[in-house]
Amino acid sequence: MTAEATSDPGIQVGPTSEFTLFFHVRAGHGAALREDLRALQGAPGYRAGDYALPIATIHEARFVPFDDDTRLLFATSFDGPWESYMLDFASKPLKLFDAIFRHVEGYDGLPDLEAVRKFILSAQISAGGYSRNYGGTVKEIRKAERVNRAFQQVLDDPAAAEALQAPALAPLLAEAAD
């Protein structure tokens with residue numbers, strides 16, 4: 001897959017786009033920011049092992065305080081174009097994000113899509129490079145995981161032994177053996 005320049009912020013590789021935001025943390029907010037990031041990490045969809053992020057097209061997202069907690073990086077990749085992500089983001093309850101962004105300069109709340117767009121664009125810098133190690137969308141990856149679990153159940157079922165001898169299943173069984 002090759003990276004494509006688009007009119008949207010960020011770089012797109014295949015069906016996935018990235019964007020990176022850099023913020024200045026309000027003076028004296030470093031400790032509170034870190035505490036709110038810990039709270040976010042403990043929220044449903046964000047906890048280790050939870051894979052039900054509120055925005056279902058996100059591959060990953062990360063907040064990184066740096067420069068002695070005077071700066072904040074937010075980086076993510078998501079399926080589809082930037083505008084679709086903005087619409088999805090703005091349609092979700094933003095309470096958890098509000099708890100983080102209230103610590104950065106230029107944040108006055110996100111009352112509507114235009115405010116979200118303006119705030120994001122004020123901090124967005126396109127990556128100099130972006131690549132991926134897989135080609136699927138989040139939806140395709142989740143489906144592949146479900147199909148794999150179901151296939152493993154078939155492989156473990158002694159009643160399926162005869163059916164699994166069918167020559168048409170040889171490529172599938174070869175992949176399962178890997």
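Here's what I pulled together on the structure shown here. Everything numeric here is computed off the predicted structure, so don't read it as measured data. (Residues numbered from 1 in each chain as written. Predicted model: local features only at pLDDT ≥ 70, side-chain atom pairs only at ≥ 80, totals over all residues. Heavy atoms only, no water.)

**Some thoughts on the nonpolar core**
Consideration 1: Formed by 30 residues in total, the largest nonpolar core has its most connected members in Phe19, Phe23, Phe63, Leu72, Tyr85, Phe89 and Phe101.
Consideration 2: Residue assignment for this core shows that the elements contributing at least two residues are strand 3 (16-24), helix 1 (30-41), strand 4 (58-66), strand 5 (71-79), helix 2 (82-91), helix 3 (95-101) and helix 4 (113-123).
Consideration 3: Residue contacts for Phe89: discarding those within four places in its chain leaves Ile55, Leu94, Phe97, Phe101, Leu110 and Val116. (Core = buried A, V, L, I, M, F, W, Y, C linked by side-chain atoms within 4.5 Å. Buried < 20%, exposed > 50% of the residue type's maximum accessible area, 1.4 Å probe, protein only. Helix = DSSP H or I, 4+ residues; strand = E, 2+ residues; numbered from the N terminus. Contact = heavy atoms within 4.5 Å.)

**Structural notes on the pattern of salt bridges**
Consideration 1: Counted by the stated rule, this structure contains six salt bridges.
Consideration 2: Of the charged contacts in the structure, one is a salt bridge between Arg34 and Asp69, with a shortest N-O distance of 2.9 Å. Residue Arg34 is found in helix 1, and its partner Asp69 is found in the loop between strand 4 and strand 5; the two are separated by 35 residues along the sequence.
Consideration 3: Overall, Arg34 belongs to the partly exposed group, its relative accessible area being 35%. (Salt bridge = Lys/Arg side-chain N within 4 Å of Asp/Glu carboxyl O.)

**Side note on the environment of Ile58**
Consideration 1: For Ile58, the position within the fold is in strand 4.
Consideration 2: Excluding anything up to four places from it in sequence, Ile58 contacts Leu53, Thr76, Ser77, Phe78, Tyr85 and Val138.

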